[in-house]
Amino acid sequence: MIEIKNLSKTYKTADGTVEALKNVSLTIPDGDIFGIIGMSGAGKSTLVRCINMLERPSEGTIEIDHCDLGALSDKELRNMRRDITMIFQGFNLLMQRTCLKNVCFPLELTGVKKAEAKKKALELLEIVGLKDKANTYPAQLSGGQQQRVAIARALATNPKVLLCDEATSALDPTTTNSILELIRGINEKYGITVIIITHQMSVVESICKHVAILDEGEVAEQGEVAEVFSKPKSLAAKKLVFPESDLDALGVLESEERLIRVVFNGAAATGKPTIAHMAVEKGIEASISYASTKSIGGKIYGSMLLSIPGDDHSVQNAIDFLTQTAEITAEEVSVNGK
């Protein structure tokens, strides 16, 4: 288990003091896939660098299996880092080394014999689907293939924790999906705890079990992905989950119109359109002001904003009708999205 307690990180700059992290506390269970998401400058990368002590926190503690990393000597910390490996947006491969030698590198640093290191490296390249590229140089590979080599290298020391710092941000959507599936498979097969740092909602939705939302160095919200994304409570979470929260782009509503946000969190797709059905059955006509939904495996995910005319009774009737379907939530929102 990873326990981050009251973590703060302050930098001194020419312009004064910058608080990159402010009293961050998180608990990450063993074997979890935990997402840390936020806008640029939220403190995500600083946090991940503190987790492996590449950055020393100004205050607070980081414990892995009840071991306080901040209390370790430099030698003890180097040994601990074998259990906490990392992959990056830029892959960080050694370009003058072949794929095989890139994966062998961390094994060489720990004193593993050359033949044994080669054998293990080939096994890891096979796990990531690139055994046939063992003697290829990184420059000859696609971005997705380079990231697979980086994952193989990260697994070389049999880590307990894999840190992914924007690991798919440089990849196209199809390649991103394949890398995420690889990470999911590794998590399930080996029980490695995965921490994913990202600004991409789709990454967290597709792979993470739990999520923490960072905003200006603080944890704005945390919990199970399904709960946080379907019922965000903080303004920071709402801005990430519902990009339409700033409703200025929707124009000015008529004075008698009200807004309802509808969230689909795995509702079963049916042949009968929900909004049209509501108009026929309840006499409530709604206009779709915004919609971002997708169908995955016959289930609907995403959200939409409905504008409806009427009073409190009409709004409540609409919400009651919409939420009678499992995995659909609905609530009235104000024009500023709060």
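These numbers come from a predicted model, not from an experiment. (Residues numbered from 1 in each chain as written. Predicted model: local features only at pLDDT ≥ 70, side-chain atom pairs only at ≥ 80, totals over all residues. Heavy atoms only, no water.)

A short note on the layout of surface pockets
1) Next: In this structure, the largest pocket encloses a volume near 800 Å³.
2) Next: Lining the largest pocket are 32 residues, and of these M201, E205, F229, K294 and Y301 sit closest to its centre.
3) Next: Sorting the residues of the lining of the largest pocket by element identifies helix 6 (173–190), helix 7 (201–207), helix 8 (225–230), helix 9 (235–241), strand 11 (257–268), strand 12 (287–296) and strand 13 (299–309) as the ones contributing at least two each.
4) Next: A class-by-class count of the residues in the lining of the largest pocket yields 18 nonpolar, 12 polar and 2 charged.
5) Next: In terms of lining, the second largest pocket is formed by 20 residues, of which the most central are R81, I84, T85, P106 and L109.
6) Next: Contributing elements (two or more residues each) for the lining of the second largest pocket: helix 2 (74–80), strand 6 (84–88), helix 3 (99–109) and helix 5 (143–154).
7) Next: Top contributing element to the lining of the second largest pocket by residue count: strand 6, with 4 residues.
8) Next: Of the residues assigned to the lining of the second largest pocket, the class counts are 10 nonpolar, 6 polar and 4 charged. (1 Å grid on protein atoms, 1.4 Å probe; cavity = no way out; pocket = protein on both sides within 12 Å on 5 of 7 lines; lining within 4 Å. Points joined across faces, edges and corners; volume = space filled by probe spheres on them. Helix = DSSP H or I, 4+ residues; strand = E, 2+ residues; numbered from the N terminus. Nonpolar A, V, L, I, M, F, W, Y, C, P; charged D, E, K, R; others polar.)

Quick look at empty space enclosed by the protein
1) Next: For the structure on display, the rule yields 2 cavities of 30 Å³ or more.
2) Next: By volume, the largest cavity amounts to about 60 Å³.
3) Next: Along the walls of the largest cavity sit C164, E166, A167, T168, S169, L180, I183, I196, I197, T198, Q200 and V203, which together make up its complete lining.
4) Next: Going through the elements one at a time, helix 6 and strand 8 (193–198) are the ones with two or more residues in the lining of the largest cavity.
5) Next: No other element matches strand 8, which puts 3 residues into the lining of the largest cavity.
6) Next: Here the residues of the lining of the largest cavity are counted per class, giving 7 nonpolar, 4 polar and 1 charged.

So, the sheet that holds strand 8
1) Next: Strand order in the open sheet formed by 6 strands is 6-7-8-3-9-10, and the pairing between neighbours is mixed. Strands at the two margins of the open sheet, each flanked by one partner only, are strand 6 and strand 10 (218–224). For this sheet, the mean angle separating the axes of adjacent strands, direction not counted, is 15°.
2) Next: Across 5 bridges, strand 6 lies against strand 7 (residues 161–165) in parallel orientation. (Pairing = 2+ DSSP bridges. Axes fitted to C-alpha atoms, helices over the stretch in contact; angles between N-to-C directions.)

Remarks on the confidence of the model for the chain
1) Next: Per-residue pLDDT for the chain has a mean of 86; in total, 92% of the residues score no lower than 70.
2) Next: Predicted confidence for residues 245–250 stays below pLDDT 50, and this span has 14 contacts to residues more than four positions away or in other chains. (pLDDT = per-residue confidence, 0-100. Contact = heavy atoms within 4.5 Å.)

Thoughts on helix 5
1) Next: With 12 residues, helix 5 extends 16 Å from end C-alpha to end C-alpha; this agrees with the ideal 16 Å at 1.5 Å per step.
2) Next: Along helix 5, 9 of the 12 residues are buried, which leaves the element largely enclosed by surrounding structure.
3) Next: Residues of helix 5 that are buried: G144, Q146, Q147, V149, A150, I151, A152, R153 and A154.
4) Next: The inward-facing, buried residues of helix 5 abut strand 6, helix 3, helix 4 (114–127), strand 7 and helix 6. (Expected span 1.5 Å × (residues − 1). Buried < 20%, exposed > 50% of the residue type's maximum accessible area, 1.4 Å probe, protein only.)

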